[in-house]
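Okay, here's what each chain looks like letter by letter:
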Amino acid sequence: QVHLVESGGGLVQAGGSLRLSCAASGSIFGIVSMGWYRQAPGNQRELVATITSGGSTNYADSVKCRFTLSRDNAKNTAYLQMNSLKPEDTGVYYCNAHTLRPGKADEYWGQGTQVTVSS
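Reference entry: report on the structure contained in this document. Being a predicted model, the structure only gives us computed values, none of them experimental.

### Digging into the sheet that holds strand β8 (residues 77–82)
Point 1. Taken in spatial order, the four strands of this open sheet run β1-β3-β8-β7, and their pairing is antiparallel. What marks the edges here is a single partner per strand, and that holds for β1 (2–7) and β7 (67–72). In this sheet, adjacent strand axes meet at a mean angle of 15° when their direction is disregarded.

Quick look at the structure:
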């Protein structure tokens, strides 16, 4: 089992910045990627960004050049730096981790953290 704890959400004005953190604990060996997804009211959960254990990143087009995802392997923590925030970035942000062990792949989710961007 992998336990993910998010922090760093809050209320910010448009154009502002926030940094989200996701700390992983438990059976962290085998984590091959971590990432962030978000869900706005009435919408489906969507990908924001992912990062592999090797450091390769992938971003949704809507956040490219504004958000940066990084990972501190020593702390088992992923960070999402969000700059130039827009009202449409509002939603609950969920941390995600994929694990791969011999013969078994799993996916884990955090409890979510609210991000609200006011116009």
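The discussion continues.
### Quick look at the nonpolar core
Point 1. In this structure, L4, M34, W36, L80, M82 and Y93 are the most contacted members of the largest nonpolar core, which totals 29 residues.
Point 2. Of all the secondary-structure elements, those providing two or more residues to this core are β1, β3 (18–26), β4 (31–39), β5 (46–52), β7, β8, β9 (91–101) and β11 (113–118).
Point 3. At four residues, β3 tops the list of elements feeding residues into this core.
Point 4. Setting aside chain neighbours within four positions, we find M82 in contact with G16, S17, L18, L20, R66, F67, Y93 and V115.

Rules used throughout
- Residues numbered from 1 in each chain as written.
- Predicted model: local features only at pLDDT ≥ 70, side-chain atom pairs only at ≥ 80, totals over all residues.
- Heavy atoms only, no water.
- Pairing = 2+ DSSP bridges.
- Helix = DSSP H or I, 4+ residues; strand = E, 2+ residues; numbered from the N terminus.
- Axes fitted to C-alpha atoms, helices over the stretch in contact; angles between N-to-C directions.
- Core = buried A, V, L, I, M, F, W, Y, C linked by side-chain atoms within 4.5 Å.
- Buried < 20%, exposed > 50% of the residue type's maximum accessible area, 1.4 Å probe, protein only.
- Contact = heavy atoms within 4.5 Å.

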